[in-house]
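# Residue-level structure breakdown
The lines below spell out each chain.
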Amino acid sequence: MAKNLNFFKNKIKEAWPDQDDISTEFIFYLKEKLYLSDVSIYVDNYLLSKDEEDSINKFILLKKEGVPIDYILEKSSFFGNNFFVDSRVLIPRPETELIVDFINKLNLQSSKIVIDAGTGSGCIGISLAIQNPNIKVYGLDFSKEALVVANKNKKSLKVENFVTVHSNWLSKIKNASCDLIVSNPPYISSEDEHLQDLTHEPLVALAALNNGLADFETISSQATLKLVRGGMLAFEHGFNQKSQVSKIMKKNGFKNIETLKDHQGHPRVTVGILGN
Ligand SMILES: C[S@@+](CC[C@H](N)C(=O)[O-])C[C@H]1O[C@@H](n2cnc3c(N)ncnc32)[C@H](O)[C@@H]1O
């Protein structure tokens with residue numbers, strides 16, 4: 001017999017009595033996946049079709065496995081655009097918009113070459129390319145699977161000035177060829193117990209050796225060769241990594257180092273200029 005929506009609303013409340021966020025995600029799912037209206041969701045006690053029931057049962061199954069809602073919907077909103085995401089890439093985080101916002105405010109001149117090192121879904125590089133149509137952005141990743149996703153987003157968002165490159169950090173970039181390198185590298189310590197809660201996202205996108213600092217070291221050192229003099233390096237990092245990241249950049253010859261805070265007041269992005 002066909003079931004109505006209240007049956008599943010109650011089922012979800014029973015399954016997760018202390019987690020209102022799952023109920024909120026369920027409502028989001030009903031709107032985004034099943035295209036149900038507010039009236040159907042809140043007023044009508046809507047009668048579901050067999051396909052809709054199957055879809056809701058799939059949602060419940062995936063949530064029981066702890067799959068994030070962005071992977072279930074295969075999309076993530078970032079800087080005003082929807083990016084396709086699946087388990088091949090990190091889900092873009094809201095705090096990562098800070099680095100895009102900062103770079104947009106630089107009003108980059110035409111023909112500037114920008115590198116997004118560790119592009120994943122392409123969220124940083126593609127957003128910069130959309131906002132600055134005269135620059136050229138290269139999105140690098142070591143994961144070929146991530147590059148498939150970045151290219152899918154490039155195509156769906158119709159971005160001409162973003163190109164992906166398969167590269168181990170900056171190794172494929174010519175010396176003294178770029179004006180700005182931006183990176184949100186993996187920065188969680190491989191020993192960090194929080195990694196246990198992030199089992200659905202690729203480990204290569206999350207964890208780094210040397211207390212989470214290894215990739216800042218590699219990228220900073222390579223950037224000194226790849227940037228033009230006066231070029232800029234901008235990193236997103238963990239809220240407690242400001243001083244270590246600044247130190248690494250200083251050691252590699254970056255000057256005018258400054259750190260920006262995210263909306264929660266955490267130091268989150270550190271930038272520097274390559275000195276002489
Ligand atoms: C924290 S994720 C960032 C993804 C995306 N830029 C974002 O902000 O959501 C780090 C990315 O770096 C990539 N990565 C890890 N090691 C790499 C390496 N040696 N060379 C290039 N990319 C690498 C991962 O595959 C992943 O896509």
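Residues numbered from 1 in each chain as written. Predicted model: local features only at pLDDT ≥ 70, side-chain atom pairs only at ≥ 80, totals over all residues.

## Here we look at the overall build of the chain
On a plain count of helices and strands, the chain comes out with 11 helices and 11 strands. Taken over the C-alpha atoms alone, the chain extends approximately 75 × 40 × 30 Å along its principal axes. A burial count over the chain gives 34% of its 276 residues as buried. In the chain, of all internal contacts separated by at least 6 residues, the share reaching a separation of at least 24 is 63%. (Helix = DSSP H or I, 4+ residues; strand = E, 2+ residues; numbered from the N terminus. Buried ≥ 20, exposed ≤ 12 C-beta atoms within 10 Å, placed from the backbone. Contact = placed C-beta atoms within 7 Å.)

## Thoughts on the sheet that holds strand β4 (residues 136–141)
One open sheet holds the seven strands; their spatial order is β5-β4-β3-β6-β9-β11-β10, and the pairing between them is mixed. The open sheet terminates on both sides in strands that have one partner only, identified here as β5 (162–166) and β10 (254–261). Recorded for the sheet is a direction-independent mean angle of 20° between the axes of neighbouring strands. One ladder, built from six bridges, connects β10 with strand β11 (residues 267–274); its direction is antiparallel. Considered in β11, the bridge of T259 is made with T270. Contacts from helix α7 (residues 123–131) reach β3 (113–117), β4, β5 and β6 (178–183), with the element oriented near 175° to β4. (Pairing = 2+ DSSP bridges. Axes fitted to C-alpha atoms, helices over the stretch in contact; angles between N-to-C directions.)

## Topic: the site of the ligand
The local shell around the ligand holds 22 residues, among which G118, G120, F142, N184 and A205 are the closest. Within the residue set of the shell around the ligand, elements represented by two or more residues are α7 and β4. Grouping the constituent residues of the shell around the ligand by class yields 13 nonpolar, eight polar and one charged. (Near = placed C-beta within 6 Å. Nonpolar A, V, L, I, M, F, W, Y, C, P; charged D, E, K, R; others polar.)

## Some words on unusual backbone geometry
For A176, which is not a glycine, the phi torsion comes out positive at approximately 45°. Along the polypeptide, A176 turns up in the loop between β5 and β6. Overall, the presence of 12 C-beta atoms within 10 Å leaves A176 in the exposed class. Positive phi is not limited to glycine here, since N256 has a value of about 45°. With respect to the helices, strands and loops of the structure, N256 is situated in strand β10. On the basis of neighbour counts, which here come to 10 C-beta atoms within 10 Å, the residue N256 falls in the exposed class.

## Concerning helix α8 (residues 144–156)
In an α-helix, one full turn covers 3.6 residues, which means residues spaced three or four apart are oriented alike. Taking 1.5 Å of rise per residue, the 13 residues of α8 would be expected to cover 18 Å, and the 19 Å separating its terminal C-alpha atoms lies within 8% of that figure. Taken residue by residue, α8 has A146, L147, V149, A150, N153 and K154 as its buried positions. Buried residues in α8, looked at end-on, bunch into an arc of 160°, giving them a common side. Exposed side chains of α8 directed beyond 90 degrees from the buried face belong to K144 and K155. Phi turns positive one or two residues past the end of α8, at K158, with a value near 55°. (Expected span 1.5 Å × (residues − 1). Arc of directions from axis to C-beta.)

## A closer look at the pairing of strand β9 (residues 227–236)
The buried count for β9 comes to seven of 10 residues, which makes it a mostly enclosed element. Sheet topology places β6 next to β9; five bridges connect them, and they run parallel. The residue of β9 that forms the bridge with L180 is M232. The pairing of β9 with β11 spans five bridges and is antiparallel. Counterpart to L233 in the pairing with β11 is G272.

## A few points about helix α4 (residues 50–64)
For α4, with 15 residues, the first-to-last C-alpha span of 21 Å sits near the 21 Å given by 1.5 Å per residue. Buried within α4 are the following residues: I56, F59 and K63. The buried side chains of α4 occupy one side of the element, clustering within an arc of 50° when seen end-on. Summarising the geometry of α4, the exposed residues directed more than 90 degrees from the buried face are K50, D51, D54, N57, L61 and K64. Against α1 (5–15), α2 (20–32) and α5 (69–73) lie the buried residues of α4. Positive backbone phi, approximately 80°, marks G66, located one or two places after α4.

## A word on the nonpolar core
Within the largest apolar cluster, 52 residues are counted, with the highest numbers of intra-cluster contacts made by V114, I115, C178, I181, V182, L233 and A234. Excluding residues within four positions of it along the chain, A234 makes contact with I99, F102, I103, V182, V269 and V271. Of all hydrophobic cores here, the second largest spans five residues; its members include F26, L30, I56 and F59. (Core = buried A, V, L, I, M, F, W, Y, C linked by C-beta atoms within 7 Å.)

## Some thoughts on the domain arrangement of the chain
Taken as a whole, the chain is organised into domain 1 (5–66) and domain 2 (88–274). Centre-to-centre separation of domain 1 and domain 2, based on C-alpha positions: 36 Å. (Domains from an automatic or database assignment.)

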